[in-house]
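# Observations on the three-dimensional arrangement
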Number of protein chains: 4
Amino acid sequence: PPSCARPLDPPPPHPNNPAYSERAAAAALDTMAWHYFRSGSGDERTLRENRAAFERHRLLPRVLVDVERRSLATTVLGRPVGWPVLVAPMALHGLACSDCEAATARAAAAMDTVLCVSTLSNLSLEQVRAAAPAAPQWFQLYVQRDRGVTAELAARAAAAGYEALVVTVDAPLLGRREGAVRHGLRLPPHLGLGNFSPDVGAAMLAHRNAGDSSLAAHFAVTSDPSVTWRDLGWLRGLSPLPLVLKGVLRPDDARRAADEGAAAVVVSNHGGRQLAGAVASLDALPAVVAAAGNRLEVLMDGGVRRGTDVLIALALGARAVLLGRPVLWGLAVGGETGAARVLELLRDEVDLALALAGCTSPAEVRTDLLA
Amino acid sequence: PPSCARPLDPPPPHPNNPAYSERAAAAALDTMAWHYFRSGSGDERTLRENRAAFERHRLLPRVLVDVERRSLATTVLGRPVGWPVLVAPMALHGLACSDCEAATARAAAAMDTVLCVSTLSNLSLEQVRAAAPAAPQWFQLYVQRDRGVTAELAARAAAAGYEALVVTVDAPLLGRREGAVRHGLRLPPHLGLGNFSPDVGAAMLAHRNAGDSSLAAHFAVTSDPSVTWRDLGWLRGLSPLPLVLKGVLRPDDARRAADEGAAAVVVSNHGGRQLAGAVASLDALPAVVAAAGNRLEVLMDGGVRRGTDVLIALALGARAVLLGRPVLWGLAVGGETGAARVLELLRDEVDLALALAGCTSPAEVRTDLLA
Amino acid sequence: PPSCARPLDPPPPHPNNPAYSERAAAAALDTMAWHYFRSGSGDERTLRENRAAFERHRLLPRVLVDVERRSLATTVLGRPVGWPVLVAPMALHGLACSDCEAATARAAAAMDTVLCVSTLSNLSLEQVRAAAPAAPQWFQLYVQRDRGVTAELAARAAAAGYEALVVTVDAPLLGRREGAVRHGLRLPPHLGLGNFSPDVGAAMLAHRNAGDSSLAAHFAVTSDPSVTWRDLGWLRGLSPLPLVLKGVLRPDDARRAADEGAAAVVVSNHGGRQLAGAVASLDALPAVVAAAGNRLEVLMDGGVRRGTDVLIALALGARAVLLGRPVLWGLAVGGETGAARVLELLRDEVDLALALAGCTSPAEVRTDLLA
Amino acid sequence: PPSCARPLDPPPPHPNNPAYSERAAAAALDTMAWHYFRSGSGDERTLRENRAAFERHRLLPRVLVDVERRSLATTVLGRPVGWPVLVAPMALHGLACSDCEAATARAAAAMDTVLCVSTLSNLSLEQVRAAAPAAPQWFQLYVQRDRGVTAELAARAAAAGYEALVVTVDAPLLGRREGAVRHGLRLPPHLGLGNFSPDVGAAMLAHRNAGDSSLAAHFAVTSDPSVTWRDLGWLRGLSPLPLVLKGVLRPDDARRAADEGAAAVVVSNHGGRQLAGAVASLDALPAVVAAAGNRLEVLMDGGVRRGTDVLIALALGARAVLLGRPVLWGLAVGGETGAARVLELLRDEVDLALALAGCTSPAEVRTDLLA
């Protein structure tokens, strides 16, 4: 993996937007990691649609508003954050940077936002927490077949100071990302799965010739496809942390989430990596927002690349968005510095977009900003 | 034709989806056969639209459903099948594989589904039946100008153990598939039309210089463009087999099919090979389903390539779909094994799609799965 | 110009559809003539839209209709024609074939349909009439600034046996076809404007360096941009021939045409050669048909290339369509034979499309054939 | 910068439309200037949409109207102009031509229309005025942080004979035009900002290494992002000139503009250079026109390239349109002559389009001209 200790690579010629970094990352990452991170399931239609959904919207800026003083600050789950963009949970940051999730944690902290740490991190959740102890972090949870292991993960997250459990609900099985399968994802010897015992990492290595990715093999063995709404009570009881359900695309599921005591949902199709042909997150957002009413906070991820994307999502009712792959691209190109730079470029864009739209805070971004 | 006795060709580098096989088949087949199988009529707009219609749909997966135990089993015409995908009737499998329809029959049987055998098979219907005597098969019937020949075909099919007659109703004349015409379809010397006397095969050879395909010549001489709804009673009387009308795109025609005692219709435009510019099968499906009510089973074909396509068709009311060209591509690349592999890849995709959509059986796939 | 006396060039490899001929004509014609015939005005958006409008329609074929016996015959202005496709008026056939409009006249006659002869023909209207005296022909009239010349043209047309006057109403000025302007249209020395005195042809040659096409120069001098609805009475009085107004795209104009005693309108944008950005003819058709009621026959031209296009136009209410450029392509490639071949290919396609749609005559093609 | 004293470059091979000049300008301009003029903000979606919005409209020409005598004349703000196209305010003409805005002023005067002179002109507003003293000119005003400077600019404009103040309201901050940023806009030594003291130009030069364009640096320091509707009264009081608000896209903002005494609004997104993803100007036009009623004149800019574009904008309710970049392209290729040529080509196209649409004046262009 690229060394994160090295000084930031000379930037690509024109690193002037948060989208630039994808090309740079394609060059910096080894082929396997690139395809693992980049690919979507099936024909990658949902991957493309996530982006296209943003491009279909048009903004109607308001003029002659005093926008000299602006604030991007907002709250998520009642917790103040610097701006309405969080870092989405993603597995295996170690494929992008030798400091693994610690680099991302420091970048997120520097940029005053929340990092969601994946069950499938290379460092342990305690190590990631320790990397940025003053910053808010949430723990993403895959419910394990072994309910004891699940309970232990939740308890460890609470003990370490995580502020929410993000339960992924769109992955009873792992989606088939053909790009990743073709390039045979496997863990390099120096990396493990930090939240599990070392033999689990070894087990993944053992699957490397199975014709599928070792992650899919791991996932099939460990993750539980039988979780239902009736398990939410049990999940709530595992820790005092609020539950965020990630992967909700239907209004009826959002209502059920509220009924079962979830604090928030993330409208998400897992970055186009689970059900092939699933609706774009942004297209699913308005109906979920309507169904949530004021009982749930609604976040979204999938396709966010530019500052105006954030405005569009807010205008459709999202409280905040989660940024995924671009953070990995920054990490791949320049480690902690690179990840922070991507976040900074996006934050500057959100700020400029807010001003040019005639708003001075996220709260002023309402539906009538859309044509 | 490629020898089916040979071991399965080394697969193309990434045979990880049922769509891959088209490129491999283009390499394996001789030019004439490739164009005969691949081409659509006119500008091939309907051929493309069949596929595009699926790509316009978006899925709304349901989360937190226990999908650990799933079954793809369903019934068609009351007969249990392993999964809701049948093999569509297609002519001249011998152009793809020296074992002709016998290879396909064994592949379909291995994959626990129904093979529809074409009137224009290279082997006789009895030979195809004998290749997989335990599996269900349907016989596709072109009504012949010689009504005696027609009656004999129906009687033979019933006697051989076929379970339905699939009467093609969209081909009073053969559509003009320009790709095929350009490449001059003709039967190679070692192949005949198994359901007809040898001189019919010879007659086709005699037409090979007519500037049109020999199949079109054969078709014009033998098939009957004067069949009407009033002949359905006669057709029903030819055998005890239920009638399936293949090629219905209009709701009024579906209602009439029910009135005349058909058991099912296949919403189909003949793979884009008959009327140029005909509506995509999938786009025609909902109105036919509504017209059919509970009086007819509604199947469809045209454009099915991925597991999520099957979900979309079921969500729009199809009881099952028929898979066409991909089976031939598998046959061309690897004979029986290749055809079975294509079916297996698709079945795995249907299974995964079902799980990721939050369903455990075809019956749970309802319209509200579509955005 | 290519010699029409030469035997038909060996056809392009796959002359199996009426659209093939465009590429062949591009090779056969000199650059100036090719661009003159091919080009549309402005950005050629209307030229493309004429075609795209057909491609947006989908057909819903009817099945189990006895289509063994079919007839393409219909009537236009009460006159029987072999099939619902006429040859559109086009200027300067001599640029495509040394026999000029006489070749086209014989081809149209051979294919049992009407030729519309342009005011700007290279042969005189009497010469064209004499080339196919038994076939029906219509005379297209540009109203001339010199009303005496206009009256004389109408009288000559009636005397020569033309059966209708097609008055072009969409060309008060000549549209700017940039492709043609770039390639400097001028009449070669051996060609004249057959309906005018020789010095008019000489005048066109004199304009050849004007930076615009010589045709535009001729047109500006001779054609009358001040013609209005109030002149229709005068036009009707010039001859006993029925008036057909070509270039009507608006329903209010169609109603006015009926009020003023026109017998028919041609829904047309002049092949995308007049107002840049004008609506596609096919898209304008339904409203004109509705406005015409049973007071006018409605024809259309623009974008017809395939047999199913003709069905679509009939389904939207056209009595018949006019075929333009493809006839010139045939003429350029093979003179009379080539033009007739293009018409024959299209007629065969109309016949096949009719059968596959479940119709036995143009009268059975109704709106419900469209999805 | 290209010398404007040189004779007009030999024109590109086919200078027969107003859009041709873009390619020629790309060759004539240095890279920095080309990207500064050409680029839009963000992904340039709005830049493209401005154009695409025109291409979505279709015209329904009226026939048999006497169009022999036509007039393009109209009025804006009660002032007669030769045709309904004005020259949009644009900064830094000196990057295109050594005569700077004086060349543009003479070209606009020659073509009988209004030039809008930018606050950020290279010549002073008095110099531009003196270049064409008989022609109408408007002064575009960026409200400066220093309200005294703002008042002085307004007073100078009134004293110099400008006829309106065009207050830009869509630029509280400068949009991020990534193309321009990449190519590092800076003023060459021989150019200054004519309306400001020389040290302001020097200040811009000092910023040239700041990683952003020097214009953005200048803008951030001098322009005032705190201007609101409440400042309009003050702006009105600075001079007797009527106020035109440029950059209004919302109907509520248009109503407010009328309430606050503006004389006109320009529906504009600043040529796609301010808020990325803003609605296309043409798409925003109809709602603004409806909101304006008869209280405001409504102009528009963004994407106008062809004569039929002007008709479309008028049909949607614009009183006139502003032409931007094409004038710079003409200037870059041929100085005053080149700019006038672009305007002349467009005027000829408007005239022809009017005639072919069946109109004899801008007043006759109404909504029913659109399909």
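Look up a bit, the structure's there.
All of the points below concern the structure found in this document.

Criteria and thresholds
Residues numbered from 1 in each chain as written. Chains lettered and ligands numbered in written order. Predicted model: local features only at pLDDT ≥ 70, side-chain atom pairs only at ≥ 80, totals over all residues. Heavy atoms only, no water. Helix = DSSP H or I, 4+ residues; strand = E, 2+ residues; numbered from the N terminus. Rg over C-alpha atoms; globule rule 2.2 N^0.38 Å. Buried < 20%, exposed > 50% of the residue type's maximum accessible area, 1.4 Å probe, protein only. Contact = heavy atoms within 4.5 Å. Buried area = accessible area lost by both parts, 1.4 Å probe. Salt bridge = Lys/Arg side-chain N within 4 Å of Asp/Glu carboxyl O. Polar contact = N/O pair within 3.5 Å; in protein donor to acceptor, adjacent residues only side chain to side chain. Least-squares fit on C-alpha atoms with pLDDT ≥ 70 in both. Phe/Tyr/Trp six-rings, centres within 6.5 Å; stacked < 30°, edge-to-face > 60°. Lys NZ or Arg CZ within 6 Å of the ring centre and 35° of its normal. Core = buried A, V, L, I, M, F, W, Y, C linked by side-chain atoms within 4.5 Å. Axes fitted to C-alpha atoms, helices over the stretch in contact; angles between N-to-C directions. Parallel < 35°, antiparallel > 145°, perpendicular 65-115°, else oblique. Left-handed = near helix turned anticlockwise from the far one by under 90°. Nonpolar A, V, L, I, M, F, W, Y, C, P; charged D, E, K, R; others polar. Pairing = 2+ DSSP bridges. Right-handed = clockwise from strand over helix to strand, strands pointing away.

It is worth spelling out the overall build of chain A at this point. What chain A contains, in helices and strands, is 14 helices and 10 strands. Against the compact-globule benchmark of 21 Å for 371 residues, chain A has a radius of gyration of 19 Å, which places it among compact chains. Along the first, second and third principal axes, the C-alpha atoms of chain A reach 65 × 50 × 40 Å. By residue count, 66% of the 371 residues in chain A fall in the buried class.

To continue, consider the interface of chain C and chain B. Each side of the interface is counted separately: chain C has 30 residues, and chain B has 35 residues. Across the interface of chain C and chain B, roughly 2,800 Å² is buried in total on both sides, 57% from carbon and sulfur atoms. Of all residues in chain C, the largest losses of buried area upon contact with chain B belong to Val63, Leu64 and Leu356 of chain C, amounting jointly to 27% of the total for that side. One salt bridge in this structure joins Glu178 of chain B and Arg306 of chain C, with 2.1 Å as the shortest N-O distance. There are 15 residue pairs in polar contact (both at pLDDT 80 or more) connecting chain C and chain B. Looking at the side of chain C that touches chain B, the elements with two or more residues in it are helix 3 (45–55) and helix 14 (325–356) of chain C.

So, about the relation of the copies chain C and chain B. Screw-axis analysis of chain C against chain B gives a translation of 0.0 Å along the axis, an RMSD of 0.0 Å, and a rotation angle of 90°. Seen this way, the second copy is the image of the first under a four-fold rotation axis. When C-alpha positions in chain C are compared against the rotation axis, the closest is assigned to Arg56 of chain C, at 11 Å.

Turning to the arrangement of the chains, a few remarks are in order. Left apart from each other, chain A and chain C have a closest C-alpha approach of 22 Å. Spatially, chain B and chain D are disjoint, and the shortest separation between their C-alpha atoms is 22 Å.

If you walk through the whole model with that rule in mind, you get 103 salt bridges over all chains. The salt bridge involving Arg106 of chain B is made with Asp99 of chain B; its shortest N-O contact spans 3.3 Å. The partner of Asp351 of chain C in a salt bridge is Arg70 of chain C, with the nearest N and O atoms 2.9 Å apart. Of this pair, Asp351 of chain C sits in helix 14 while Arg70 of chain C is found in the loop between helix 3 and strand 1 (74–76), placing the two residues 281 residues apart along the sequence. Classification of Asp351 of chain C as partly exposed rests on a relative accessible area of 22%. Judged by its relative accessible area of 26%, Arg70 of chain C falls in the partly exposed class. Taken together, the shared-partner salt bridges connect Asp43 and Glu178 of chain A together with Arg51, Glu55, Arg306, Asp309 and Glu349 of chain B into one network.

Within the secondary structure, Pro172 of chain B sits in the loop between strand 6 (165–168) and helix 7 (178–182). Along the chain, Pro172 of chain B and Ala135 of chain B lie 37 residues apart, while their C-alpha atoms are 31 Å from each other. When residues no more than four places from it in sequence are discounted, the contact partners of Pro172 of chain B are Phe219 and Pro225 of chain B together with Val67, Ala355 and Leu356 of chain C.

Moving on: the interface of chain B and chain A. Across the contact, 30 residues belong to chain B and 35 residues belong to chain A. Across the chain B to chain A interface the summed buried area is about 2,800 Å²; carbon plus sulfur atoms make up 57%. Scanning the region where chain B abuts chain A turns up 15 residue pairs in polar contact (both at pLDDT 80 or more). Going through the elements one at a time, helix 3 (45–55) and helix 14 (325–356) of chain B are the ones with two or more residues in the side of chain B that touches chain A.

Further remarks concern the side chain of Ser121 of chain C. Residue and element names in this part refer to chain C. Note that Ser121 resides in the loop between strand 4 (115–117) and helix 5 (125–131). By relative accessible area, which is 0% here, Ser121 ends up buried. Apart from the residues lying within four places of it in its own chain, the contact partners of Ser121 are Leu92, Glu101, Gly192, Leu193, Gly194 and Asn195.

Attention shifts here to the packing of aromatic side chains. Across all of its chains, the model carries 18 aromatic pairs over all chains by this definition. Taking 6.5 Å as the distance between ring centres and 70° as the angle between the ring planes, the aromatic pair formed by Phe37 of chain A and Trp329 of chain A counts as edge-to-face. On the criterion of sequence distance, the pair formed by Phe37 of chain A in helix 2 (residues 31–38) and Trp329 of chain A in helix 14 (residues 325–357) is long-range, its members being 292 residues apart. Grouping residues by exposure puts Phe37 of chain A and Trp329 of chain A together as buried. Seen in terms of ring centroids, Tyr36 of chain D and Phe37 of chain D are 5.4 Å apart; in terms of plane orientation they differ by 50°. Their pairing is tilted. Judged on exposure class, the residue Tyr36 of chain D and its partner Phe37 of chain D are both buried. Taken together, the ring pairs in this structure connect Trp34, Tyr36, Phe37 and Trp329 of chain A into an aromatic cluster. Above the plane of the ring of Tyr36 of chain B lies Arg273 of chain B, whose end atom (NZ or CZ) is 4.9 Å from the centre.

Counting 503 residues, the largest nonpolar core has Leu245 of chain A, Leu245 of chain B, Leu245 of chain C together with Leu245 of chain D as the members making the most contacts within it. At 19 residues, the largest contribution of residues to this core is made by helix 14 of chain A. Beyond its immediate sequence surroundings of up to four residues, Leu245 of chain C is in contact with Val167, Val169, Trp229, Leu232, Ala257, Ala262, Ala264, Val265 and Val266 of chain C together with Leu64 of chain D.

Looking now at the packing of helix 2 (residues 31–38) of chain D against helix 14 (residues 325–356) of chain D. Residues and elements named next belong to chain D. For the pair helix 2 and helix 14, interaxial distance at closest approach is 10 Å and the crossing angle is 160°. Our classification of the angle between helix 2 and helix 14 gives roughly antiparallel. Along this stretch, helix 2 crosses helix 14, giving a crossing that reads as left-handed. From helix 2, Trp34, Phe37 and Arg38 reach across to helix 14, where they touch Arg325, Leu328 and Trp329. For the contact of helix 2 with helix 14, the residue count by class is four nonpolar, no polar and two charged.

On to the packing of helix 1 (residues 21–28) of chain C against helix 14 of chain C, then. Residue and element names in this part refer to chain C. Packing of helix 1 against helix 14 leaves a shortest axis separation of 7 Å and a crossing angle of 100°. For the element pair helix 1 / helix 14, the angle class is roughly perpendicular. In contact with Ser21, Glu22, Ala24, Ala25 and Ala28 of helix 1, helix 14 contributes Pro326, Trp329, Gly330, Ala332, Val333 and Val342. When grouped by side-chain class, the residues that make up the contact of helix 1 with helix 14 number eight nonpolar, two polar and one charged.

Across the chain, the bulk of peptide bonds are trans and the bulk of non-glycine residues have phi less than zero. Residues other than glycine seldom take positive phi values, yet His270 of chain B does so here, at roughly 65°. Topologically, His270 of chain B is positioned in the loop between strand 8 (264–267) and helix 12 (281–292).

This brings us to helix 13 (residues 307–315) of chain C. Residue and element names in this part refer to chain C. Buried residues dominate helix 13, accounting for nine of its nine residues. Turning to helix 13, its buried residues are Gly307, Thr308, Asp309, Val310, Leu311, Ile312, Ala313, Leu314 and Ala315. Residues of helix 13 that are buried make contact with helix 3, strand 3 (85–87), helix 12 (281–292), strand 9 (297–301), strand 10 (320–323) and helix 14. Directly after helix 13, the chain includes Gly317, whose backbone phi takes a positive value near 110°.

Our next topic: the pairing of strand 10 of chain C. Successive side chains on a regular strand alternate, one facing one side of the sheet and the next facing the other. Residues and elements named next belong to chain C. Burial along strand 10 is two-sided: Ala320 and Leu322 facing one way and Val321 and Leu323 facing the other are all buried. Where strand 9 and strand 10 come together, three bridges link them in parallel fashion. The residue bridging Met300 from the neighbouring strand is Val321, located in strand 10. Crossover handedness for the path strand 9 to helix 13 to strand 10: right-handed.

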